[in-house]
Amino acid sequence: MNDAANTRTYPVVEYFCQVKKLNALTATTFEIELEAPEGAELEYAAGQHLALELDVNDDGTPQSLSYTIANNIDSSRPRRLQLFIQNGSEFANKILKTLSSLYENNERLKVTLAMGNAYLQTDLALPHLLIAAGSGIAKVKSITEEIIKQQPDANVHIYWSNRQANEFYLLDTFEHWSNQYRNLSFTPVLEVTDPDWPVRFGYLYQVIQEDFDKLNDVQAYLCGSPQMVYGTIDRLEPKGLKETNCYSDVFEYMPRDKFTSAKG
Ligand SMILES: Cc1cc2nc3c(=O)[nH]c(=O)nc-3n(C[C@H](O)[C@H](O)[C@H](O)COP(=O)(O)OP(=O)(O)OC[C@H]3O[C@@H](n4cnc5c(N)ncnc54)[C@H](O)[C@@H]3O)c2cc1C
């Protein structure tokens, strides 16, 4: 990570939160809204994550589950925490059922925040690339909100890939920002071509390679699987992108040496 980064340490605090909203955004993604107790003063940086403590198997043994906080701190609703949870497995389905039961019964759950080093910390005078696959858009949304707040004319290029057209649940939000802020661009990317929605398609790195000649000063935030993150960095290095200018949670939970040995 960049040594010149604007780093700040946030405290790790536990809150007993209520599930205020559980809303299907697509067939596979849910928006969850948590509310910290009255008087709580949430402190986190855009791009950090939290841990939910959930008794997913209903056996009295809670598990700690990481989710990116999708909203920046909003002074009009300072106790709100927004999450996007993908229902991509039997386990994720159980997580959502547990949250749904807490919501219906108006019960609280333990939430610990703030965690993660891949939060917004770079010089906004430099160009930025924000790259997300699937639910990785949660981090990009929060970071974009903070950039707009701090420096609305910052040079920011956002790329979000999904498998299908109907998975772009934040399309209106990002298109609105790209219309409103002259130096902010948003590019949705489909993994395979769709005749009904002629947008860019392919791997994220391919689309970015087509758009940029040089990436030497670019600061990049990447959120997705380790394959996507390391694959994108490697393919963009010949254009000048430096791994020391890249920020991702993957660096913490799957460092490159572990990733390389896991691949064999
Ligand atoms: C730091 C961190 C943040 C996470 N944030 C989210 C999140 O915001 N939404 C979500 O649905 N799951 C997130 N996850 C994954 C989540 O904790 C569980 O692994 C998942 O909900 C359990 O279901 P699974 O077995 O299908 O997940 P896994 O097979 O473990 O994970 C696959 C899913 O998690 C998503 N995911 C993995 N890491 C991230 C990340 N950093 N940010 C966003 N999505 C990620 C992937 O896109 C994929 O949909 C995060 C994981 C980590 C380590």
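Residues numbered from 1 in each chain as written. Predicted model: local features only at pLDDT ≥ 70, side-chain atom pairs only at ≥ 80, totals over all residues. Heavy atoms only, no water.

- Under the annotation held in an unreviewed UniProt entry, the protein carries the name FAD-binding FR-type domain-containing protein and is attributed to Methylophaga marina.

### A short note on the overall build of the protein
Turning to step 1, where the next piece is worked out: Check the secondary structure of the protein and you find seven helices and 12 strands.
Turning to step 2, where the next piece is worked out: Here the C-alpha atoms of the protein give a radius of gyration of 18 Å, agreeing with the 18 Å that 2.2 N^0.38 yields for 264 residues.
Turning to step 3, where the next piece is worked out: Out of the 264 residues belonging to the protein, those deemed buried represent 49%.
Turning to step 4, where the next piece is worked out: Contacts in the protein between residues far apart in sequence, at least 24 positions, make up 71% of those at least 6 positions apart.
Turning to step 5, where the next piece is worked out: In the structure as shown, the protein presents an accessible area of about 13000 Å², 45% of it carried by carbon and sulfur atoms.
Turning to step 6, where the next piece is worked out: Positive and negative side-chain charges of the protein, numbering 23 and 36 respectively, have mean locations separated by a distance of 1 Å. (Helix = DSSP H or I, 4+ residues; strand = E, 2+ residues; numbered from the N terminus. Rg over C-alpha atoms; globule rule 2.2 N^0.38 Å. Buried < 20%, exposed > 50% of the residue type's maximum accessible area, 1.4 Å probe, protein only. Contact = heavy atoms within 4.5 Å. Areas by Shrake-Rupley, 256 points an atom, 1.4 Å probe, with all protein chains shown as cover. Lys, Arg positive; Asp, Glu negative; His and termini not counted. Charge placed at Lys NZ, Arg CZ, Asp CG, Glu CD.)

### Points about the nonpolar core
Turning to step 1, where the next piece is worked out: Counting residues in hydrophobic clusters, the biggest one holds 31 residues, and the most contacted among them are L34, L52, L99 and L113.
Turning to step 2, where the next piece is worked out: Looking at this core, the elements with two or more residues in it are β1 (13-24), β2 (29-35), β3 (49-54), β4 (63-68), β5 (80-86), α1 (90-104) and β6 (108-115).
Turning to step 3, where the next piece is worked out: Core analysis: the second largest hydrophobic core is formed by 30 residues, I137, V140, L170 and Y247 among them. (Core = buried A, V, L, I, M, F, W, Y, C linked by side-chain atoms within 4.5 Å.)

### Regarding α1
Turning to step 1, where the next piece is worked out: With 15 residues, α1 should cover 21 Å at 1.5 Å per step; its first-to-last C-alpha distance of 21 Å lies within 8% of that length.
Turning to step 2, where the next piece is worked out: Among all positions in α1, only A92, I95, L96, T98, L99, S100 and L102 are buried.
Turning to step 3, where the next piece is worked out: Along its buried surface, α1 packs onto β1, β2, β3, β4, β5 and β6.
Turning to step 4, where the next piece is worked out: Residue N106 follows α1 closely and has a positive phi angle near 55 degrees. (Expected span 1.5 Å × (residues − 1).)

### Considering the pattern of salt bridges
Turning to step 1, where the next piece is worked out: Within the structure shown, the criterion is met by 16 salt bridges.
Turning to step 2, where the next piece is worked out: For D211, the salt bridge identified is with R200, shortest N-O distance 2.8 Å. Residue D211 is found in helix α4 (residues 204-211), and its partner R200 is found in strand β10 (residues 200-201); the two are separated by 11 residues along the sequence.
Turning to step 3, where the next piece is worked out: Assessed through its relative accessible area of 33%, D211 is described here as partly exposed.
Turning to step 4, where the next piece is worked out: Looking at R200, the relative accessible area reads 28%, which means it is partly exposed.
Turning to step 5, where the next piece is worked out: Connected through salt bridges with shared partners, the residues K21, E31, E33, R77 and R80 form a single ionic network. (Salt bridge = Lys/Arg side-chain N within 4 Å of Asp/Glu carboxyl O.)

### Considerations on the domain arrangement of the protein
Turning to step 1, where the next piece is worked out: Parsing the protein into structural domains produces domain 1 (13-115) and domain 2 (128-263).
Turning to step 2, where the next piece is worked out: Relative placement of domain 1 and domain 2: their C-alpha centres are 24 Å apart.
Turning to step 3, where the next piece is worked out: When domain 1 packs against domain 2, close to 1300 Å² is buried across both sides, 53% of that on carbon and sulfur atoms.
Turning to step 4, where the next piece is worked out: When the buried surface of domain 1 facing domain 2 is broken down by residue, T68, N72 and F84 rank first, second and third, together holding 36% of it. (Domains from an automatic or database assignment. Buried area = accessible area lost by both parts, 1.4 Å probe.)

### A few points about the environment of V250
Turning to step 1, where the next piece is worked out: Locating V250 in the fold gives a position in helix α6 (residues 250-253).
Turning to step 2, where the next piece is worked out: Given a relative accessible area of 1%, V250 falls into the buried group.
Turning to step 3, where the next piece is worked out: Residues V250 and M228, spaced 22 residues apart in sequence, show a C-alpha to C-alpha distance of 9.9 Å.
Turning to step 4, where the next piece is worked out: Those residues in contact with V250 that lie beyond four places of it in its chain are G224, S225, P226, V229, Y230 and P255.

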